[in-house]
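Residue-level structure breakdown
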Amino acid sequence: MNSASLFLLLLLFFSASLKAQQPQSIYDYDIKQWTAADGLSNNSVRAVTQDQQGYLWIGTLTGLNRFDGNSFDVFTSQANRHLVSNTITRLLTDSNGYIWVGTRSGLSGVNSATLKFDRYPILGEVTAIVEVAPDEIWVAADNLFRVKEGKISRVEQVKEQVNQLEVTPTDVWISSSKFLYKISRAGQLDKLTLPPDLAQHPVYDLLWEHDSLHLATEQGYYHVGADQQFHRCPLPQRDSKAVYKLFHDKQQGDWVSGYSELFHRHQGQDWQVISRDELGSSTLFTDIYQDRQQNVWLGSFGDGIYRASRGKINRIVGKNQPDEVVRSVAAADDGRLLLALQQGLGFLDASQQFSAITLPHNISLGTVQDMQQDGESWLLASDSGVYRLNVQSGELKLLDPQLQGVKSRVVKPRVAGGFWIGTSAGIYQYQHGELKVFAANNELESTVITYIADQGDKLLIGTTRGGFQYQGGKLLRIGLGSPLYNAYVSSLLWRKDGTLLASTIDDGLFIRQFDGKWLQFDTANGLPFEPIVSLYDDIQSGYVWASTLKGIFRFHPADLVRNDQSKSLFEQVLTPYDRQLGTAPGRCCNGTGHSKVAMLDQQLYYPTLKGLVSVPLNFKGGPTTTSRPMLQQVLSQQRSYEVQPAQSRQVMATDERNLTLRYTAVDFLTPTALEFRYQLKGFDAGWHYVGSRREAIYTNLPPGSYQFQLQSRQSTQSWELAQNTELELVIPKRFDETIIYRGLWLLLALIILYGLFWLGRRNNQLREASLTKLVKQRTQELENSNTKLNELNEQLSQLTHKDPLTGLRNRRFMFEQLPKDIEHYQRNRESMLAQNKCIALIHLDLDNFKHINDKYGNSAGDSVLQQISGLLIRETRGSDYVVRYAGEEFMLVLRDVPQDLVKEFALRLNELVALESFLLPDGRAVRLNCSIGYALYPLDLLGGQLIGWEVSLQLAELALFHVKHAGRNGVATILFDQQVDAFEFEDSNHIEAQVEKFLAGSVAWFDLTLCKVGKANP
């Protein structure tokens, strides 16, 4: 082997060793938070544990919570009387799966399978619970207690209030306010006195780690050394600040919770600090727990619960990197990454060491949009133009004077040699030190170039006003007839199968089918995030990766073309809600120009506001297996049945036919991606696909035995990989649904039918004998009834109170109602007279109405009468009524009306009729006049209230006749001198003669007013 080969082998080995020894970081943990807004009973979490089914149990200040990753079930002392208190202080799942629940008021327990609670006679606040041996639990409260085989006793070696407990392979450690006890398995007691700086201060936690006991105290972090002395454990930037919780995870990592800070140390590495800014608030953690899926759960004092899980996406901020904001990234030939920061440039090596590049102070690049390696130097497209950077010498010079100050976004190698340069002023070709203007610049809709892809035989161009294809000397617009035509194109991708993809800033993703038609995808039809800033084609897997300001997703273009609905078309890789421990939520992939994504060693690197995001190309979007679905409850209208973990059969009560089955699947990483389907065999014809819904509802189930099948999967998986669970449901028959019951009813029905048949035959002959006689009799009765009915109908039509043509009241109604109105007036006579109120009788007659019928026909006359009726109804009050008196005559009865308003009303009514235009059925219009005579009750004369209403009615008619004789179209009434006595009207049969006598004696006269408005044109 020659020296060059040996050197290359050593270099590869050294590079691989660096990658294998990359330092682990707090950023390796993805973090998610749940609070009371998500259903947690309280934001103050005190204890966490996990049961054998996989549920997480969370104790808070106001209840015990069971969590499946999607929702919380809350258990309180109000609903479970054996839960001593709602303030939960400690939780422990023992080796038998039983959950011990310590509270502020004592000890309880719960069987997580049956949800049955138990209460134990231990009073006072429980501060610690440990399992010393199978079926032996020690509890710290006002004293130290032992619960063994269901019996409770005191641990006599310690006779004071106990704070914390810790179990080691050989001993049990107990802390009190002044001492630290160690009780061996054999019962031997050792006692250590706490030093003065720890005595009388709370000890919040004990942890046996690295063959040493560690203490979390109000005065800081300590451990007990081999010399039995207490030594302070150093933490970054801390001396004697309080420490509340200690935890050692299964990956040999250490966790320490202080006030407003969380410390984490990977095995063999230094402490890393997560501050209050990176946690989002001043949170301290009261419990830390690791579940069976290696998720670390952080129960906070006031901000709910956090899940920290080993992420598949790494966030990288290089050592000595001066600026966390990365704008562009590019892969160098030597295996390093070139980063363009907010301020400055530098290389990031495999050990995440950042090496800054010194740039001349007299040149300001601004934002570097794109970076392209050219041998030993780099071409940088920036806001100030395109520059060439010699990394070895640090020399930075302008590529060509024409580009000085021109904002440039793209530097792309040409297949034919040289480079393509995309700027805000169009495209340039650079080769052999010469810069040429692109021939088709003048044909571009926009000269602001955003993307260039050289395919050899064609050139793809993206601009702020659409995309273009340059081929054979011709420039063609892409996306005709679609929103892509004028879109802001951020990336173009021509795949080997001929598929063309275009991503945009405002209009989503476009894909051209083989028939030339464009498909558009945005957030309205499945696209997870917008706007899209980059596309990367992974040829090996067939995935296309898309980065946006909100997250990263990937997809198979063939699925989009087929519109395959059996699975999710877009797989979310990084969402806006995902964040790493130690970082605040923020923008995802803010890369610019072409350098928005780089691929190195099967990793995709994206620039963000918080360093680089690294995603492996072989990224596994979710768990390879889905959590097995679990049935929780079967509910009916009468009761609820808790389904046990191993239960396979549930027998319902006889009358329970409307059922709701609640189910779930425990998944703490991607619960929203879980999908369910179910079917009730024997009832359903097929599967019900219900997405993320977690209940099945059935109504009016017939009796029988059914098999309920339930399956769950991740949205990215096929149903062939789904987990399955089954439960047999038995619905018993009621007695009325049994064969015996139905047989008895059938027998009774047969007996009844036979009896009816026998009775029918017996009476048949009697019926036939009397049938003829009965028919004759009924026929005669029917004829008589018809005759009487006709007579009654005729009488009924006469007795009705409503005029059939106009809908007004008729004479009969008036003659029945008017005496009642007079009686009412007489009862209130004094009040009425005091208010000068009376009953007015207004007699209205249409002038020359006969000419309407003669000239236009009876139907026209009927129409006019109906319109007149509407006018009269409209002008009267609700207490008044209008009567069709005869033909074209109408009578208006105004009840309780002031006397001085009657004449004014009559004149206005006369004028309204004259001004009204009445439409005939043929569309023509006519005008009419009317004559009105009115009288009052009581009459305004001596003793007028003693005269009957019949006299007033006759006086109104006489006044009407006077108007007619005077030329029509007027209003009149008869006025009397005050000396006229009411007794002179005693003979109502000669009213006309009596009035003539008064007129001749000048003690009565007509008050006549002729209307000057309107002229009839019949």
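One can find the structure itself at the top, above this paragraph.
Reference entry: report on the structure contained in this document. Because the structure is predicted, anything quoted here is derived from the model rather than measured. (Residues numbered from 1 in each chain as written. Predicted model: local features only at pLDDT ≥ 70, side-chain atom pairs only at ≥ 80, totals over all residues. Heavy atoms only, no water.)

A separate point is the overall build of the protein chain. When you go through the protein chain residue by residue, the secondary structure sums to 11 helices and 74 strands. With the C-alpha coordinates aligned to their principal axes, the bounding extent of the protein chain is approximately 155 × 90 × 80 Å. Long-range contacts, defined as pairs at least 24 residues apart, comprise 52% of the intrachain contacts of the protein chain with a sequence gap of at least 6. When the accessible surface of the protein chain is summed, it comes to about 48900 Å², and 50% of that surface belongs to carbon and sulfur atoms. (Helix = DSSP H or I, 4+ residues; strand = E, 2+ residues; numbered from the N terminus. Contact = heavy atoms within 4.5 Å. Areas by Shrake-Rupley, 256 points an atom, 1.4 Å probe, with all protein chains shown as cover.)

Among the 10 residues in strand 67 (residues 837-846), 9 count as buried, and that is most of the element. Note that strand 67 and strand 69 (residues 889-898) share 8 bridges and pair antiparallel. Looking at strand 69, one finds that Lys-837 is bridged to Pro-898. Note that strand 67 and strand 72 (residues 930-937) share 8 bridges and pair antiparallel. What sits directly across from His-843, in strand 72, is Gly-933. (Buried < 20%, exposed > 50% of the residue type's maximum accessible area, 1.4 Å probe, protein only. Pairing = 2+ DSSP bridges.)

Quick look at the sheet that holds strand 63 (residues 688-691) now. Strand order in the open sheet made by the 5 strands is 60-66-65-62-63, with mixed pairing throughout. In this open sheet, the two edge strands, each paired with only one partner strand, are strand 60 (649-651) and strand 63. With strand direction ignored, the average angle separating the axes of adjacent strands in the sheet is 20 degrees. Of the strand pairs in this sheet, strand 62 (residues 674-681) and strand 63 are connected by 3 bridges, and their pairing is antiparallel. (Axes fitted to C-alpha atoms, helices over the stretch in contact; angles between N-to-C directions.)

A few words on the environment of Arg-895. By the secondary structure assignment, Arg-895 is in strand 69. Taking the C-alpha atoms as reference, Arg-895 lies 8.6 Å from Lys-837; in sequence the two are 58 residues apart. Leaving out residues up to four positions away in the same chain, Arg-895 has contacts with Gln-817, Asp-821, Cys-838, Arg-877, Ser-879, Asp-880 and Tyr-881.

Ranked by size, the top nonpolar core spans 33 residues in total, and within it Leu-846, Val-864, Leu-872 and Phe-890 carry the most contacts. At the level of secondary structure, the elements contributing two or more residues to this core comprise strand 67, helix 7 (849-856), helix 8 (858-875), strand 69, helix 9 (899-915) and strand 72. Among the elements that make up this core, the one with the highest residue count is helix 8 (6 residues). Listed in part, the 26 residues of the second largest apolar core include Val-45, Ala-47, Ile-99 and Val-110. (Core = buried A, V, L, I, M, F, W, Y, C linked by side-chain atoms within 4.5 Å.)

The tally for this structure, following the rule as stated, stands at 1 disulfide. Across a sulfur-sulfur distance of 2.3 Å, Cys-588 and Cys-589 are joined as a disulfide pair. Cys-588 gets classed as buried once you look at its relative accessible area, which sits at 5%. Summary of cysteine pairing: Cys-1011 is not part of a disulfide, and the nearest cysteine sulfur, belonging to Cys-930, is at 7.9 Å. (Disulfide = S-S within 2.5 Å.)

This brings us to empty space enclosed by the protein. In the structure shown here, the tally under the stated rule is 3 cavities of 30 Å³ or more. Considered as a void within the structure, the largest cavity measures approximately 70 Å³ in volume. Taken together, Gln-53, Tyr-55, Arg-66, Ser-112, Ala-113, Leu-115, Leu-631, Gln-632, Glu-642 and Val-643 form the lining of the largest cavity. Among the residues forming the lining of the largest cavity, the class breakdown is 5 nonpolar, 3 polar and 2 charged. (1 Å grid on protein atoms, 1.4 Å probe; cavity = no way out; pocket = protein on both sides within 12 Å on 5 of 7 lines; lining within 4 Å. Points joined across faces, edges and corners; volume = space filled by probe spheres on them. Nonpolar A, V, L, I, M, F, W, Y, C, P; charged D, E, K, R; others polar.)

The next thing to look at is the pattern of salt bridges. Summed over all chains, the structure comprises 33 salt bridges. We note a salt bridge from Arg-562 to Asp-559, for which the minimum N-O separation is 2.5 Å. Residue Arg-562 and its partner Asp-559 are located together in helix 3 (residues 557-562), separated by 3 residues, close to a single helical turn. For Arg-562, a relative accessible area of 54% gives the class exposed. For the salt bridge of Glu-875 with Arg-874, the shortest nitrogen-to-oxygen distance reads 3.8 Å. Of the residues examined, Arg-874 reaches a relative accessible area of 53% and is grouped as exposed. Residues joined by salt bridges that share partners form a network here, namely Asp-205, Lys-245 and Asp-287. (Salt bridge = Lys/Arg side-chain N within 4 Å of Asp/Glu carboxyl O.)

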